[in-house]
Amino acid sequence: MDSVTEIFLKLLFLISVRNWNMVVAGNKYNCDDQLVSGLPQSSFSSSSELSSSHSPGFARLNRREGAGGWSPFVSNKYQWLQVDLGERAEITAVATQGGYGSSDWVTSYLLMFSDSGRNWKQYRQEESTWAFSGNTNADSVVYYKLQHSIKARFIRFVPLDWNPNGRIGMRIEAYGCMYRSEVVGFDGKSCLIYTFNQKLMSTLKDVISLKFKTMQSDGILLHREGQNGDHITLELLKGKLSLLINLGDDKTHSSNTQINITLGSLLDDQHWHSVLIEHFNNQVNFTVDKHTHHFHAKGEFNYLDLDYELSFGGIPVPGKSGALSRRNFHGCFENIYYNGVSIIDLARRHRSQISFVGNISFLCLEPQVIPVTFLSSRSYLALPGTSGQEEVSISFQFRTWNKEGLLLSSKVHRSSGGFLLYLSDGKVKINLHKPGKTLSDISAGAGLNNGQWHSVFFSAKRNRISLIVDNDMTSSVHASISLQIYSADTFYFGAPGFMFLSGCPNSGNNSECKTSFGGFQGCMRLISIGNKAVDMNSVQKNIFGNFSNLQIDLCGIIDRCLPNYCEHGGECSQTWNSFYCNCTNTGYKGATCHYPIYEQSCEAYKHRGNTSGFYNIDSDGSGPLGPFLVYCNMTDATWTIIQHNNTNLTRVKSANRENPHTVFFKYSASLDQLQAAINHAEHCEQELAYHCKKSRLLDKTDGLPLSWWIGRTNETQTYWGGSSPTVQKCACGIEGSCIESQHYCNCDADRNEWTNDTGFLSYKEHLPVTEIVITDTDRPNSEAAYRLGPLLCRGDRAFWNSASFNTETSYLHFPTLHGELSADVSFFFKTTASSGVFLENLGIQDFIRIELYSPSEVIFSFDVGNGPSEVTVQSLTSLNDNQWHYVKAERNIKDASLQVDQLPQKFHAAPPDGHIRLQLNSQLFVEISAYFGTGSSVIYNFQEYYTFTKNSSSHASSFYADMTLSRETITLAFRTTRTPSLLLYVSSFYKEYLSVILTRNGSLQIRYKLDSHQDPDVFTTNFKSMADGQLHHVKIDREEEMLLVEVNQNERMKFILSSGTEFNAIKSLILGKILENSDVDEETMKASSQGFIGCLSSVQFNHIAPLKSALHHGSSAPIIVKGRFTESSCGTLTGTDSTLSETTHSFADHSGPIDEGEPLNNASRNDSAIIGGVIAVVIFIVLCITAIAIRIYKKKSIYSKNETKGSENEDSAESALKSELSTQNTASENQKEYFF
C-alpha cells in the first residue's frame, strides 16, 4: 500500500470512529430540557410526608402549590424523594430549592439513579463518593451541571444535612433529554450470531462498542474464532472484563501466542457498563467505562485466521476451538455496534445476517433483588425468627473487602448461649458457646473478602450443624455439638444481638453491648430465614424487623484499587473504607509509594556524609523512572560511574561495509534512566579508545565514514574521543598532533603498525554510546581493537542551585504545578525573617502553600475541594537563624506530610470519600499591587448569591455558607495620604464584621464585631500616622479571642477580644468603599464614606488573594469591581527605590539559550518578595508536575522623605505619592525578565 493511500485510509478510519463515537454517546447537543416540571403528581414518591400538603408531588422547582415543597414526616438520614421520569432519559443537570417561604431546606444530599426503581446506584465523581452541596435558604436555586451524564428512568434525592433550625424541605428539577436505545436480553443459555459480508470487510480497522448489565460475575460477551484455534473473546470473569486474543497451537511464528488484557471491576452490579474495542492496524484500544488500555499487537493480528462470524452472549458451538467450556452471558446488551452497524436493529428486523441460538428478548428484565449496604461497624439488621423451632435454617449472599466482620448472631432458645457467624481472615467461621465455654469454632471458605458475591448457608437441627459456602460441598462443614439449638425470636445481621458490638438497638437491655468481633461492612442480598425469603421492601417501610445505619436497595461497594493509585508498581489492597499500598521492593515509600527512598545523585549521597561505594540512585526523584545501581567515587570530585556489558578490549578482523562488525552496549539502566541522570549532571564523559592497524575511520576517496558510533539519540556520529560533534575529527585533529598532518585521525594514516585514536566523548546529548560499527578490517594485515569505558558523570545541577533574594523586587517564575493526584517538594532555606511564604500556587478554589508562619513554625496548607487543610511542624529552636534548614512536603490522595530538618514528620489524613484532584491554574502566587481611585470598590464574595444560572456551580462558594472561623490570618500592604480610610472590610450573614481602617489622625485601627448584640472590639495601634505616602505592611492573626497585630515587622501588639471567638458565615471581603447596605459602627461608616485612595498590595485573607482574583481571574472568580481600579507596581518600589528595576528569573517549560529581555507571556511584572535571605532549592516535583513556583520574601520598609510639589489643590504628600506611582508604572514598562 502506498503512503498516500494508507494516509487516506487512516484518516477515513479516524473520521468514522469519531462519527461513531458521537452516535453511541447518545444525544450530546441541546440535552438540557426540563424533565420534571411537566410530570404528573403520580410520578413523585417519597419515604414519607409531613402532611398531604407536603407530599412529594409538590416538589417541583419554583412552584408554590401545597405547602410549597416536599417535607418528610420526620427529618432523618433515611428519607428520600424519588421521581419516575416515565422512560429512560439522559440527565445532564439537577437543581434544588427549599420549601417555599419556610425555614426548611437541605444543605447537602446524595443523588441516586435506577432503571427500575430498584437496585439504586449513587452518582459519583472523581472516582469517589460525592455529596452535593445544597441550599442556604428556602428560595434560591442551586444548579449543578453533572460532569458525566446519567442514563436512567428513576432518580432519587437523599438528604444528608438540612437547616438545623428547620426540617428537610425540597423542590427539585432535572435537566436532560430522552435517551433512545436498542436492548436485547439473554437468559444464560442463548447467543446472537452476526455474519458479515467478507467483501465489505477492511483489514485496516475494527470498532466494536456495546453496553451491558448483569448480576452474574461470569459470562461470554462476544466471541470470534477460526478453524485452527485462533479466537478473540471478550469475557466477564469474577466481575472483571477480559479481552483474550489467542493464536492457536499451529503457528510457527515467534510472536507470543496469547494476549490477555483485564479491565474493570464489580461489573456484575446490574448497572450499565460501556465497552469499546478499537483495532487499527496493530494498535488496539480497549476501554471499559472510563478506563482505557492501549497496546500494540506486534503483528499478532497478521497471523489471526478468523471466520466472518461474530457471536454475542456465548459460543454457538462449545469446544469448537478445543478449549472453551465457559458460561454464556446472562443479562442485557444495549446499542451493540460493529463498524457502525447496529447489530440489535438487524436482529429486531430479522435480517439474514443474524441468527439465534436459544431464546433472546428485545427487552431488559430487571431481577427483583434488593441488596442492603452495611455502612459501618455500627450497622445492623434485626429480623424476627420463629422462636422454639427445632431447626434453624438461614442463607444469604454477601460481598465485602474486609477480612473481619460479624455476619450473623443470635441467642439460642431456652439457653443462655448463642452462636456467631463471622468473617475472620477472609474465612466464614461459626462460634457456638455457652457462658464461660466455647463449644465449637469451625470455618469454611477462604479469600472471601475479594469483593465478589459469596453465598452462605447455615443450618442447625438440635445438636447437628452445617455450614456451606458458595455451594461448594467439598469445603462444607458438618459437626455435632453438645448444645441443643432451637430457633430464637430474633436474628441480627451485622452488629450482634445478644452481645452487641456498638450498633445496639435503642430498645432493650444494652448492658451486654460488647464483643470482640468487629461489625460487618459490606453488602448482603437474598436473605432467607427458615427457607422463606425476607421481604426487604417491608423492612425498608418499617413493617418487618428493624435496622440502623443501612442503605436498602443498593450495594454501595466500590473498588478503591481501580484505578490503582499506588505508584511505581506498589501493590494495592483495600478495606471497605480505604486502600493501602505495599511499597516493598519498589524503591519508594509513603502512602501511595510516591516518594523515593534513594537519593537522586551521588552528589546528594556525599552531602549526607556517605563514602565511595555502590548506591541506588533515582535520577527523576518521584517520577516514573525507577532507581538503578551505580558506583559513586567520592574520593575527590564526586563521580557517578555507570557500567555496561562490555568494557574489555575487543579485537576485530574481517569486517567490511557488506559485513560490518556491530556491537551493542547494554547499561545497568534503561536509556530513559540514563538520560535523566545525564540531564541531572553538570558534566558527563565516556572514554572511547580505537586501536588500529591498517584500519581507517574515514575513507578519503568518497568522504564516507568507515567506522562510526551511535548514542542514545540513535543518530550516527563520526567524531571520536576528544573531539566535538561539529567536525569529523579525532582528538589529534583538534590538537594538530596527528601522526600525518594531512589526516585528522591517527588511524586514517592507514599504517601497517598499531596506533590509536583515544579520548573522551563529552557532548551530553549524544551520551552514552549504545553501538559501535567497524567496517575496515578485511584487507591484508588489517585489524582493529576498541574499548568503551563506563559512563562517568559528576555534579548535580539540581542540588547545588541556590537563589539569593536580597531585594523586595526579586522573585522566581515557574510554570503551574500539575500535581493533581500527588506532588512533593523539598528545598533548603535560610533567612532572618520571622515569617513569609516559600511557595504558593492557586486555582479558582484549590491552592497549595508552604510558609514560614512564625520563627519556629512551618505550615503546609492546601485545598483540593474539601476545605482548607493544614500540616504544621513546630520547632523547639528558631528557624530564622540564618542557617540552612530542610523542608520536605508531600500531598497525595491518601494523606499529606511535612518534615522540617530531622524533626518528626507530621501527617494529615485525607477523607476517605471526597475530592482528590488538586486543580491549579496560576503560574505562581503573584503579589499584586493595585491603585484605587475615588469611590473604588473590590468585592470578593465568599458566598455567591444563588441565582438560577446554568453552567454554574455553587460548590466552591457554598463551602463557606455555614463555616465558622475561629482563626484567620490577614496580610496587606498599603500607601495612602487620605484619612479616614477603609483598608479592608469582611462581612457576615449574621451582621458580624471585621474592619481595618485608618482613623482621622492616621492611626491603624482594627474593629472586630463577633457578636451582633454587642458593640465591636476596637484596637488602635500606638503608631505614628500611617497616611504618610509610604509603604506599610500589616499582618493580623486571630485565634479565638487572641489577636496579634504586626506592623512593618518591628511593631508587634497583642489584644484580647471580648465580643466573641467565632466569625460565623462570612459573606464577602471588601477593599475600598462599602457599596452594600451594612450595619456597621460610626467610625467604620466614616472611613467607608471616604473609601480608599492609594495603593493596596499583597492582600491576603487566609488563602484568598482578592487583588489577584480581580486582576487575573476576574471572569472566573466571585469578584465584583467598581470604580477606578488599575494594576500598579506601587507596592513593589518605595520612594528612594523608584529608579530600581525588577529582576525576574523564570523557569519555563522549554529549553534553549538564555534570552535576556524576552517577555514571559501572561506573567505579571509587578510581583514582590517577602522572605529575604538565600534559599538553595532542591525541588523534586514529579508525576504530572512540570515545575513548581517558589518565592521567598524579605519584608522591609524603606521610608523616603522625598516630596514633590503638586498642584495647588493637592497637599504635598498626596502629590508626591501620585507622582511616584506614575514614575513606577512607567519604569515597569522597561523591566527585564531573565529566563533559564
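Residues numbered from 1 in each chain as written. Predicted model: local features only at pLDDT ≥ 70, side-chain atom pairs only at ≥ 80, totals over all residues. Heavy atoms only, no water.

Where we set the bar: UniProt positions are given in the numbering used here, feature names are shortened, and annotations may be inferred rather than shown by experiment.
As recorded by an unreviewed UniProt entry, the chain carries the name Contactin-associated protein-like 4 and is attributed to Cairina moschata. The UniProt entry for the chain carries the following comment under Sequence similarities (unreviewed entry): "Belongs to the neurexin family." On record in UniProt, under Subcellular location (unreviewed entry), the comment for the chain is "Membrane".

## Considerations on the confidence of the model for the chain
Short version of the rule: Per-residue confidence from the predictor is reported as pLDDT, a score between 0 and 100. In what follows, a contact means two residues having at least one pair of non-hydrogen atoms within 4.5 Å.
Mean pLDDT for the chain: 80, with 78% of residues reaching 70 or above. Counted against residues more than four places away or in other chains, residues 1-28, with its pLDDT under 50, gives 34 contacts. Confidence drops under pLDDT 50 across residues 944-962; counting only partners more than four residues distant or on other chains, this segment forms 53 contacts.

## Description of the UniProt feature "domain: EGF-like" (unreviewed entry) in the chain
Stated formally: Put simply, DSSP marks the helices as runs of H or I at least four residues long and the strands as runs of E at least two long, and each gets a number from the N terminus on.
UniProt records the feature "domain: EGF-like" (unreviewed entry) for residues 557-594 in the present numbering. With 0% helix and 26% strand, the stretch residues 557-594 has end C-alpha atoms that lie 26 Å from each other.

## A look at helix α6 (residues 671-680)
Stated precisely, the cut-off is as follows: Remark: exposure states derive from per-residue accessible area (1.4 Å probe, protein chains only) relative to the maximum for the residue type, with buried under 20%, exposed over 50%, and partly exposed in between.
Among all positions in α6, only Q673, L674, A676, A677, I678 and H680 are buried. Residues of α6 that are buried in the fold lie against β45 (628-633), β46 (639-642), β49 (683-693) and β55 (791-794).

## Focus: helix α9 (residues 1082-1090)
Residues lying three or four places apart along an α-helix face the same way, a consequence of the helix completing one turn every 3.6 residues. Defined as follows: The arc in question is formed by the directions pointing from the helix axis toward the C-beta atoms. N or O atoms within 3.5 Å of each other form a polar contact, as long as, within protein, one can give a hydrogen and the other can take it, and as long as residues adjacent in sequence are counted only when both atoms are side-chain atoms.
Those residues of α9 that fall on the buried side of the exposure criterion are T1084, A1087 and S1088. Around the axis of α9, the buried residues are gathered within 100 degrees of arc, so they sit on the same side. At its buried positions, α9 is contacted by β70 (981-988), β71 (993-998) and β72 (1004-1009). Two or three places before E1083, at the start of α9, stands the capping residue D1081, its side-chain oxygen 3.2 Å from that residue's backbone nitrogen. A positive phi of about 70 degrees marks G1091, the residue just after α9.

## Side note on the environment of R348
Relative to the helices and strands, R348 resides in helix α3 (residues 343-348). When its relative accessible area of 37% is taken as the criterion, R348 is described as partly exposed. Separated by 166 residues in the primary sequence, R348 and E182 have C-alpha atoms spaced 9.1 Å apart. When sequence neighbours within four positions are dropped, the list of residues in contact with R348 reads E182, V183 and F362.

## Section: unusual backbone geometry
In this chain, L767 is followed by P768 through a cis amide linkage whose omega measures 0 degrees. Of note, P768 is situated in the loop between β52 (755-761) and β53 (769-774). Omega for the bond connecting T979 with P980 falls within 30 degrees of zero, at -15 degrees, which places this linkage in the cis form. Looking at where P980 falls in the secondary structure, it is placed in the loop between β69 (967-976) and β70. In this structure, L526 takes a positive phi of about 50 degrees despite not being glycine.

## A word on the packing of aromatic side chains
In this description, a pair of aromatic rings is defined by centroid distance and the angle of the planes. Applied cut-off: Classification of ring pairs uses Phe, Tyr and Trp, with its six-membered ring standing for Trp, and accepts pairs whose centres are within 6.5 Å; under 30 degrees between planes counts as stacked, over 60 as edge-to-face, and the remaining range as tilted.
Counted according to the given criterion, the structure contains 33 aromatic pairs. Arranged with centres 5.8 Å apart and planes meeting at 90 degrees, the rings of F396 and F493 form a pair that is edge-to-face. Of the two residues, F396 is situated in strand β28 (residues 391-399) and F493 in strand β35 (residues 490-494); the sequence distance between them amounts to 97 residues. As far as the burial class goes, F396 and F493 line up, both buried. Where F932 meets F1092, the ring centres are 6.0 Å apart and the plane angle is 80 degrees; that geometry is what we call edge-to-face. Of this pair, F932 sits in strand β66 (residues 929-932) while F1092 is found in the loop between α9 and β79 (1094-1101), placing the two residues 160 residues apart along the sequence. What makes F932 buried here is its relative accessible area of 0%.

## Quick word on the sheet that holds strand β51 (residues 716-717)
Here is the rule: Being paired, for any two strands, means DSSP has found at least two bridges between them.
A sheet is described by the order of its strands in space; here four strands give the open sequence β48-β53-β50-β51, paired in antiparallel fashion. The open sheet has two edge strands, β48 (661-664) and β51, and neither has a second partner.

## Comments concerning the state of the cysteines
What counts here: Two cysteine sulfur atoms form a disulfide, by the criterion used here, when they sit within 2.5 Å.
This structure, assessed with the given rule, holds 11 disulfides. Two residues, C332 and C364, share a disulfide whose sulfurs are 2.1 Å apart. Negative torsions about the S-S bond denote left-handed disulfides, and the value of about 100 degrees found for C332 with C364 makes this one right-handed. One end of the pair, C332, is in strand β22 (residues 330-338); the other, C364, is in the loop between β25 (360-361) and β26 (372-374), with 32 residues separating them in the sequence. By relative accessible area, which is 4% here, C332 ends up buried. Given the relative accessible area of 21%, C364 is considered partly exposed. The side chain of C692 participates in a disulfide bridge whose partner is C747; the two sulfur atoms lie 1.9 Å from each other.

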